[in-house]
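Next come the chains, spelled out residue by residue.
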Amino acid sequence: MKPIVAALLVALAGLSAASLALGDVTIPADELVLAIVNPAAAAQDTLMIVLELRLPRALLALLVGMALAVAGTIAQAVMRNPLAEPGILGINAGAALAAMLLIVALPGASPALLPWASFAGAGAMAAAIYALSWRGGTSSLRIILIGIGLSSLAGAATTLLTAFGEIRDVQRAMIWLAGSVYDADWRKVRLLALWLSGPLVLAWLGARELDLVRFDDDTARGLGQRVDLLRALTILLCTLISGAAVAAAGLIGFVGLIAPHLARRLVGPAHSRLMPVAALTGGALVMAADLLGRTVIAPAQLPAGLVTALIGAPFLGYLLWGRRHVPA
Amino acid sequence: MSDNRIIAGSGPALPAPVGDRGRAVALIALCCLLALVAAWSVTLGTARFPFSRVLGAVFAFDGSREHLVIASIRLPRLLAGLLAGGGLAVAGAIVQAVTGNPLASPGLLGINAGAAFAVVIAIAAAGAGSGDVHVWYAFAGAAAAAATVYALGSAGRSGGTPLRLVLAGAVLAGFLTSLTTAILIFDQGTLDAVRLWTAGSLSGRSMAQVAAIAPYTFVGLAAATLSRRHITTLSLGTDIARSVGQSPLVWRGLSVGIVVVLAGGAVALAGPIGFVGLVVPHIARFCVGADYRWIIPFSALGGALLLVLADTAGRMFFGSQSFPAGVTMALIGGPFFLWLARYRAGGRP
């Protein structure tokens, strides 16, 4: 595991350096080092670009990617479904509906409300799914099915707004929904880091429980696990983590789905190793996506949420293809 | 991952479903209901016609304005709804059987994403052509995407597993959807042209489109009905299927072929509607148990019924001929599905 973590950390460091240096104004390496090591001696505008614009943006991408990857890992373990991702708890559907309502139906509302509205939408949706699937206990299958049902109801409302809203508002909403970290600032980064620190540590501490719950309910219960309590807690954790990520950056899809699969192929299924590796992979993925999205077709910008799929999908496809002769 | 195989969801916890006789009676009743709703749907619209007029337009067409409206607007719309609804629901049932995953739907094979991508590319590159052309772009995109997913999920000596198929599908669908969104974000004109199609709508279908797709849907439905025993076996998982003498590889490939024909045609006719293919098979499973010999015919009728009902309700209550059926369908089917899932799914009470 150590070489893999080391390799991921090196990749992250390289990505950070590239994120700080590249953009509309390219900062040479020596100035970049100077701006970080000795800010007092650096040029004012370099300092501004590196520390106020690019650094928070890179950190926000890292945090969002880590959060989504960990939430996806938890969801896949608890739902026992390889297709599970935070969206299965209705988080994406709820956030999308709330955002659509705010942008298309209430065009006068302040954009500053967007994160709060989307977090509220995500939380309300997850709570509704859990409440509806509780009948003296829960089961993964029931949560999945209720999630499908409620998400498609919310999706119908979103589609309605898409189909009949003012086209300019719809396009604005689509850009937000596509997920982007373009409006990152230090306040956002600090808030998200503070918010995520507790849940992420808790998730890692619960790694052994996640190893157990991956078996079926009866086995886990036979080994002394309180399955319903664990399911409730992990769903709460998942909502807190990915709801915050969605509120900060919109719907960055795909990371929550594939980062755990990539990590599983690197270090195997034990969660104490899987979780940190998935987090680093997710962080690197979103960071790389944001970097590519804002440099490749500059001055136009592609939202990071789209680029994650555009680079993540071929990579996972390559892994699948490379292992095609390995049985099961 | 044992308790997630969807067959377990309708296992012992369910009250023993009615016997085969009861199921047959229910199937006939569903047929009659579908016929009634279809007849009712043709008479409704901006102008109401008595049903005798509809019969007249079909059997004794006299070229009058009313007959023209019925023959060139109402009937194609109804037939498109029947074909697309039935096709998508059966395709969904088969995908769920093959992958054993309750989250699976035809969209998982990249069908919706491929069709949407092809249509958006066509509109963005060549301008908004006629609907007749969209049908073929959508069909071709869906088939190409599904073929890629199948190749990626089944290549190699091990012949692939349901898990790999599912992952390959998620990968390709995510990739194509992102490309489509990237195009739409920068191209407002195309967004405006396709957003109604994306929502799933039956308005403006022509008899030529229906006639072009119908053969595919009929072949697909016939193939699904003929191989329903094998699909049931497949749904028990690779190990059991192999141990009762089935070749999972052959039948998985064949099933994916059926799904492409059915769902590709349906998406070409009605746009990428997600709900039918995902939810109707679950509803059928709740009602008749885990046996695909019954799930497939019930899904076909149920999907057709739901889509026609949704389209008619949209026209009736929202007064708009182009109200997307995809939305009304979720509004009608969603609560029903939630009720079923709450009371009939899952191991414990």
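Residues numbered from 1 in each chain as written. Chains lettered and ligands numbered in written order. Predicted model: local features only at pLDDT ≥ 70, side-chain atom pairs only at ≥ 80, totals over all residues. Heavy atoms only, no water.

This paragraph deals with the overall build of chain A. Summing up its helical and strand segments, chain A has 14 helices and zero strands in all. Against the globule reference of 20 Å for 328 residues, chain A gives a C-alpha radius of gyration of 20 Å, in line with a compact fold. Dimensions of chain A along its principal axes, counting C-alpha atoms only, are 65 × 50 × 40 Å. A total of about 13,200 Å² of accessible surface is found on chain A, and carbon and sulfur atoms cover 70% of it. (Helix = DSSP H or I, 4+ residues; strand = E, 2+ residues; numbered from the N terminus. Rg over C-alpha atoms; globule rule 2.2 N^0.38 Å. Areas by Shrake-Rupley, 256 points an atom, 1.4 Å probe, with all protein chains shown as cover.)

Below, the discussion takes up the overall build of chain B. In terms of regular secondary structure, chain B is built from 15 helices and zero strands. Relative to a compact globule of 349 residues, whose C-alpha radius of gyration would be 20 Å, chain B shows 20 Å and is just as compact. Across its three principal directions, the C-alpha atoms of chain B cover 65 × 50 × 35 Å. In chain B, which comprises 349 residues, the proportion classed as buried is 58%. (Buried < 20%, exposed > 50% of the residue type's maximum accessible area, 1.4 Å probe, protein only.)

Residues and elements named next belong to chain B. UniProt marks residues 24-43, 78-95, 107-128, 134-153, 165-186, 249-280, 292-310 and 322-341 with the feature "transmembrane region" (unreviewed entry), using the numbering shown here. Taken end to end, residues 292-310 comprises 100% helix and 0% strand; its first and last C-alpha atoms sit 25 Å apart. Across residues 322-341, the secondary structure splits into 85% helix and 0% strand, with the terminal C-alpha atoms separated by 31 Å. (UniProt positions renumbered as here; feature names shortened; annotations may be inferred.)

Right, let's get into the side chain of Ser139 of chain A. All names here are of chain A. With respect to the helices and strands, the residue Ser139 is situated in the loop between α5 (114-133) and α6 (140-164). For Ser139, a relative accessible area of 5% translates into the label buried. A polar side-chain atom of Ser139 sits 3.1 Å from the main-chain amide nitrogen of Arg142. (Polar contact = N/O pair within 3.5 Å; in protein donor to acceptor, adjacent residues only side chain to side chain.)

Residue and element names in this part refer to chain A. End to end, helix α4 (residues 91-105) covers 20 Å across 15 residues, agreeing with the expected 21 Å (1.5 Å per residue, within 8%). Counting buried positions over the 15 residues of α4 gives 11, a clear majority of the element. Turning to α4, its buried residues number three or more, namely Ile91, Ala93, Gly94, Ala95, Ala96, Ala98, Ala99, Met100, Leu102, Ile103 and Val104. Its buried side turned inward, α4 meets α5, α6, α7 (167-178) and α11 (227-249). (Expected span 1.5 Å × (residues − 1). Contact = heavy atoms within 4.5 Å.)

The biggest cluster of nonpolar side chains holds 217 residues, and the ones touching the most others in it are Val64, Ile74 and Met79 of chain A together with Ile94 and Leu109 of chain B. With sequence-adjacent residues up to four places away left out, Val64 of chain A is seen in contact with Leu192, Ala245, Ala248, Ala249 and Ile252 of chain A. One finds Leu20, Ala21, Ile27 and Leu32 of chain A within the second-largest nonpolar core, a separate group that totals six residues. (Core = buried A, V, L, I, M, F, W, Y, C linked by side-chain atoms within 4.5 Å.)

What follows concerns α5 of chain A. Spanning 20 residues, α5 of chain A covers 29 Å between terminal C-alpha atoms, matching the ideal 28 Å at 1.5 Å per step. All of the buried residues along α5 of chain A are Leu114, Ala117, Ser118, Gly121, Ala122, Met125, Ala126, Ile129, Tyr130 and Ser133 of chain A. Looking at the packing, one finds that the buried side of α5 of chain A touches α4, α6, α7 and α11 of chain A together with α15 (325-344) of chain B.

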